[in-house]
Amino acid sequence: MRRVALDFELGPRRGLVWTEPKSFPWIVVVLPALVGLVVLWLGISFAVEDQRTEGAWYYSLPLLILGAAIFGAAGYFLFLALMRRQAQVWVGHYEHGIVREVAGRVPEPYTWDEIDGIRRRSAKVTTGITSATIHELWVSPREGDEIEVNDVYKGAARFADELDKAFTRVRLPQDRDRLKAGERVDFFGAHLDPAGVGCLDQRLDWREVDRVTVKQGWLEIHRRGDRKPWARLPAEAVLNLSVFVALATRMRQEASGNRSRSGDPV
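Residues numbered from 1 in each chain as written. Predicted model: local features only at pLDDT ≥ 70, side-chain atom pairs only at ≥ 80, totals over all residues. Heavy atoms only, no water.

Draft legend 1. Layout of the sheet that holds strand 4 (residues 108-111). Spatially, the four strands line up as an open sheet ordered 1-2-3-4, and their pairing is antiparallel. Only two strands of the sheet have a single partner each, and these edge strands are strand 1 (13-18) and strand 4. In this sheet, adjacent strand axes meet at a mean angle of 15° when their direction is disregarded. Inspection of the sheet shows strand 3 (residues 97-102) paired to strand 4 by four bridges, in the antiparallel sense. Bridge pairing in strand 4 links valine 99 to proline 109. Taken strand by strand, helix 4 (residues 156-180) contacts strand 1, strand 2 (89-94) and strand 3, and its axis lies near 35° from that of strand 2. (Pairing = 2+ DSSP bridges. Helix = DSSP H or I, 4+ residues; strand = E, 2+ residues; numbered from the N terminus. Axes fitted to C-alpha atoms, helices over the stretch in contact; angles between N-to-C directions. Contact = heavy atoms within 4.5 Å.)

Quick look at the structure:
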């Protein structure tokens, strides 16, 4: 990972998270396999003896079938476990991008310009007895598979916060310049343009926007005079949420300032 980061000039590393795959519970496979072998051995022994004494080896057929079934089931579970076993993964956050490395594969480096955006989710889960906050981060490269970091990774919450701040510092001025140039900026579940904010098939002018907030994993856009949110989206449905909120707040404030200077009530 370090060599790839140097080759692609990603700068110093700012953070690193990794998974720790659980060791395979061999006892779950080995014990049934041994039992199956013992039952098969007994079945074969009885079949040989039955054939020698009575000429009917098939008297031991149920025992043979049982032993083969137990041994076959152990082999099937071993196959499933090996197929579903996950390799260890490392994700490094660098000054100018990120690198993902999967054990046994070539590391995948991405500069900030090669990333379409990031999505995040932090939600509190309550079981009735205990509660915990889950953290998830998705990084979407323009080319390549999406990178997901969740609580399986050590230090996922802090890593997500720091990467979000770093990516926002890079993307915020770019998207701000696009808005100034009159372009529409899409954030997957919502979009911004110089005249207003859009959410799915709805649209609201900046002078009508009261505030834009993120609460308990939800993005809420409030219209002036309304008690309920004009639009409400899950935080993970919005690409580059921090950039969206910062730009929306700025555009709303500018619209309010223009409205005040024009003599209209705010």
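Draft legend 2. Representation of the packing of aromatic side chains within the structure. Taken as a whole and judged by the stated rule, the model has two aromatic pairs. With a centroid separation of 5.7 Å and an interplanar angle of 65°, the aromatic rings of tryptophan 112 and phenylalanine 167 are classed as edge-to-face. With tryptophan 112 in the loop between strand 4 and strand 5 (115-126) and phenylalanine 167 in helix 4, the pair connects residues that are 55 residues apart, well separated along the chain. Summarising the burial analysis for this pair, tryptophan 112 and phenylalanine 167 share the class buried. Just above the ring of tryptophan 218 sits the side chain of arginine 232; from NZ or CZ to the centre is 4.2 Å. (Phe/Tyr/Trp six-rings, centres within 6.5 Å; stacked < 30°, edge-to-face > 60°. Buried < 20%, exposed > 50% of the residue type's maximum accessible area, 1.4 Å probe, protein only. Lys NZ or Arg CZ within 6 Å of the ring centre and 35° of its normal.)

Draft legend 3. Spatial organisation of the environment of glutamate 148. By the element assignment, glutamate 148 lies in strand 7 (residues 147-150). Distance in space between the C-alpha atoms of glutamate 148 and aspartate 186 is 21 Å, their sequence separation being 38 residues. Setting aside residues no more than four positions away along its own chain, glutamate 148 makes contact with Glu136, Leu137, Trp138 and Tyr153. Only 3.3 Å separates the side chain of glutamate 148 from the side chain of asparagine 150, close enough to count as a polar contact. (Polar contact = N/O pair within 3.5 Å; in protein donor to acceptor, adjacent residues only side chain to side chain.)

Note that every value here comes from positions in space, so none of it alone points to a role or purpose.
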